[in-house]
Amino acid sequence: QPAKPVAGKDYQALDQRAAVEAPAGKIEVVEFFSYMCPHCNAFESTFDAWAKKAPKHVFIRRAPVHFLPNAPVLQRMYFALEAMGLLDKLHVALFTAIHTDHRNFNTANAASDWVGAQGVNSAKFLEQYNSFTTATKVTRATQLTNAYRVDGVPAIGVAGRFLTEGTAKGLQVVDALVADIKAGR
């Protein structure tokens with residue numbers, strides 16, 4: 001078994017708790033990422049595999065960060081695709097479009113054109129992309145990123161209390177923190 005994670009070395013404890021959206025009885029785990037980040041692209045399959053095996057008492061969500069190039073467009077894309085129920089189909093495809101196909105998503109039209117090419121109704125996508133709900137979610141993701149004091153991605157937040165790196169080792173830290181929280185420690 002891995003050694004017990006150490007605060008200040010393996011993870012950071014937040015000075016002030018960040019807001020959580022997890023239902024009662026669940027422990028929230030947040031993946032902070034950017035579609036533009038090559039490390040996030042490489043980590044995505046590892047995080048996805050971990051998420052599929054996470055215990056039922058873990059509530060997982062993702063927060064696209066605001067501090068890398070094209071962030072506003074990519075944040076809106078993420079939340080529009082989420083609202084349309086298309087993340088399972090297009091989340092990884094969007095990483096591929098950027099890192100393999102070298103697509104540039106610097107405008108809503110570029111986003112809409114790509115989504116349309118994936119067989120999605122572009123008008124409905126733009127409706128979600130430009131919606132108040134999407135704008136609100138972008139603002140909340142930015143606030144959450146700031147509350148966790150994320151300065152690099154990928155990163156993982158736990159229960160509004162802890163932040164660790166987005167790596168395989170970081171996921172071991174998450175497992176240990178979740179177990180401690182579940183046990184009331």
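Look up a bit, the structure's there.
Cut-offs and rules
Residue numbers run consecutively from 1 along every chain, following the written order of its sequence. Whole-chain, interface and lining totals are the exception, using all residues; otherwise, since this is a predicted model, local features are given only for residues with pLDDT of at least 70 and side-chain atom pairs are given and counted only at 80 or more. To obtain the side-chain values, all non-hydrogen atoms of the structure were included, while hydrogens and water were left out. Whether two aromatic rings pair depends on their centres lying within 6.5 Å, for rings of Phe, Tyr and Trp, where Trp uses its six-membered ring; planes under 30 degrees apart make the pair stacked, over 60 edge-to-face, and the rest tilted. Each helix is a run of H or I in the DSSP string that is no shorter than four residues. Each strand is a run of E no shorter than two, and both are numbered from the N terminus. Relative accessibility thresholds used throughout: buried, under 20% of the residue-type maximum; exposed, over 50%; partly exposed, between the two (1.4 Å probe, protein chains only). Only when the NZ of Lys or the CZ of Arg is both within 6 Å of the ring centre and within 35 degrees of the ring normal is a charge said to sit over the ring. Take the buried Ala, Val, Leu, Ile, Met, Phe, Trp, Tyr and Cys residues and link them wherever side-chain atoms come within 4.5 Å; each set so joined is a nonpolar core. Any pair of residues with heavy atoms lying within 4.5 Å of one another is described as a contacting pair.

Asker: Tell me what's going on with the packing of aromatic side chains, and back it up with residues and numbers.
Answerer: Going through the model one piece at a time under the given rule, you end up with eleven aromatic pairs. Between Phe-125 and Tyr-129, the aromatic rings sit 5.7 Å apart at their centres with planes inclined by 45°, giving tilted as the arrangement. On the criterion of helical spacing, the pair formed by Phe-125 and Tyr-129 is a turn pair, its members being four residues apart in helix 5 (residues 122-129). Of the residues examined, Tyr-129 reaches a relative accessible area of 4% and is grouped as buried. The residue whose ring lies beneath Arg-76 is Tyr-129, and the NZ or CZ to ring-centre distance is 5.7 Å.

Asker: Describe in detail the nonpolar core, supporting the description with residues and values.
Answerer: Most often, soluble globular proteins keep nonpolar side chains buried together rather than apart. Judged by nonpolar contacts, the single largest core of 39 residues is most densely connected at Phe-32, Tyr-35, Met-77, Phe-105, Trp-114, Phe-125 and Tyr-148. Counting residues per element, the ones that place at least two in this core are strand 2 (27-33), helix 2 (71-83), helix 3 (87-99), helix 4 (108-117), helix 5 and helix 6 (132-147). Among all residues touching Phe-105, those that are not within four sequence positions of it are Asn-70, Val-73, Leu-74, Met-77, Leu-94, Ala-97, Ile-98, Ala-110, Ala-111 and Trp-114. If you look at the next biggest cluster of nonpolar residues, it comprises 18 residues, including Ile-156, Val-158, Leu-171 and Leu-177.

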